[in-house]
Amino acid sequence: MKCRVCRGPAVIDLRRHNANFCAEHFVKFCRDQTAKAISDHDMVQPDDRLLVAVSGGKDSLAVWDILIALGYSADGLYVGLGIGDYSDASADAARAFAEQRGLTLIEVDLVETYGYDIPTGSRAAKRTPCSACGMSKRHVFDEAARNGGYDALVTGHNLDDEAAVLFGNVLRWQMPYLGRQRPVLPAGDGFPRKVKPLIRLGEREMAAYCVVSGIDYLVEECPMAAGNRHLAYKEALTGIEIRSPGAKFAFYHEFLSKAADRFADDETTGRDELGICERCGSPSESEVCAFCRLAERASAAQPVQLSRKDGGA
Ligand code: Q46
Ligand code: ZN
Ligand code: ZN
């Protein structure tokens, strides 16, 4: 197996591209793919100040590393979710990455700042853990980007993530979600611009990027994801990809180029009618935003003790 560029020994084969790469040229390939996604979708400008949502996992640390290598100014934002040992280990990975590279990592701890953790928030709000978690993270991301005056919030969603979300949205013909499934959401009404620069790179590539770049990421997945429909969609698509290399890329990227605009009228952001939450000042459809209602209920609730299987001690 030889590198497509230098003919030296290859460390990875990419069936989708019908190509093999050595470590050096694989790193360059990942950075080039990210730069192409950024320019194709006009995600950010060279002098923008970026805030990267960092979980300590491979995708968020890789995208942060790539953006710095491409010359962007990018700080990290870590949200402590209070999910037992998993959260402790993810914080350690994020901090170590930032410290080793002299980068700025902003930390917001849900328990310290808002008085609840995700297991408790999920039960108190009668939402699934990922629903309570998603809403909490979105609120913290938006607020931190606003307060810090950042031009865009970057997330590490990769091709596998986006294809799985698209698959779920198509399976149930979720028209408003299809209308909103774009790799760039423009800023507006107090929301920062949100961008996903890893949409041309898959999960396996991001793990390989971290390994060859010496990035020590948290391999363990969040214990609360078990049973999540998103994982089933990912597995289904990976099964298809094995039989038909490139299918995942075509499914997602051809949706963007050929179909996404057709759903634009179905997008209901509700942004036109947004007021301001009287508690936190965030854009909101009601007097008190959904996040503040969740935080109020969850912080008054009895904390949930995690079992060992869910990442507890
Ligand atoms: S951290 Fe949160 Fe994920 Fe864990 S609870 Fe679900 S959403 S799975 S990215
Ligand atoms: Zn090479
Ligand atoms: Zn609020």
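Residues numbered from 1 in each chain as written. Chains lettered and ligands numbered in written order. Predicted model: local features only at pLDDT ≥ 70, side-chain atom pairs only at ≥ 80, totals over all residues. Heavy atoms only, no water.

### Things to note about helix H12 (residues 290-300)
Of all the residues in H12, the buried ones are Phe291, Cys292, Leu294, Ala295 and Ala298. Down the axis of H12, the sector holding all buried residues measures 155 degrees, keeping them to one side. Those residues of H12 hidden inside the fold are in contact with helix H4 (110-114), helix H5 (118-125) and helix H6 (129-148). (Buried < 20%, exposed > 50% of the residue type's maximum accessible area, 1.4 Å probe, protein only. Helix = DSSP H or I, 4+ residues; strand = E, 2+ residues; numbered from the N terminus. Arc of directions from axis to C-beta. Contact = heavy atoms within 4.5 Å.)

### Section: a nonpolar patch on the surface
Taken together, the side chains of Val11, Val211 and Val212 define a hydrophobic patch exposed on the protein surface, amounting to about 250 Å² of accessible area. Tracing the chain through its elements places Val212 in helix H9 (residues 203-213). (Patch = residues over 30% accessible without salt bridge, like charges linked within 9 Å, V, L, I, M, F, W, Y side chains within 5 Å. Areas by Shrake-Rupley, 256 points an atom, 1.4 Å probe, with all protein chains shown as cover. Salt bridge = Lys/Arg side-chain N within 4 Å of Asp/Glu carboxyl O.)

### With respect to the layout of surface pockets
Of the voids in this model, the second largest pocket is the one considered here, and its volume is about 150 Å³. Lining the second largest pocket are Tyr78, Gly80, Leu81, Gly82, Ile83, Gly84, Ser87, Asp88, Ala91, Asp92, Arg95 and Asp109. Counting residues per element, the ones that place at least two in the lining of the second largest pocket are strand E4 (73-80) and helix H3 (84-101). The leading source of residues in the lining of the second largest pocket is H3, at six residues. Of the residues contributing to the lining of the second largest pocket, the split by class is four nonpolar, four polar and four charged. (1 Å grid on protein atoms, 1.4 Å probe; cavity = no way out; pocket = protein on both sides within 12 Å on 5 of 7 lines; lining within 4 Å. Points joined across faces, edges and corners; volume = space filled by probe spheres on them. Nonpolar A, V, L, I, M, F, W, Y, C, P; charged D, E, K, R; others polar.)

### What to know about the coordination of the zinc ion (ligand 2)
Donor atoms from the polypeptide that bind the zinc ion (ligand 2) are Cys3 (SG), Cys6 (SG), Cys22 (SG) and His25 (ND1), placed at 2.0 to 2.3 Å. Residue classification places His25 among the buried residues on the basis of a relative accessible area of 14%. (Donors = N, O, S within 2.8 Å, 3.2 Å for Na, K, Ca; no water.)

### Quick look at the sheet that holds E4
In spatial order, the strands read E5-E4-E3-E6-E8-E7; together these six strands make up an open sheet with mixed pairing. Lying at the two open borders of the sheet, with one neighbouring strand each, are strand E5 (105-109) and strand E7 (184-185). Looking at chain direction, E4 and E5 are connected through five bridges and run parallel. Bridge pairing links Gly80 to Asp109 in E5. (Pairing = 2+ DSSP bridges.)

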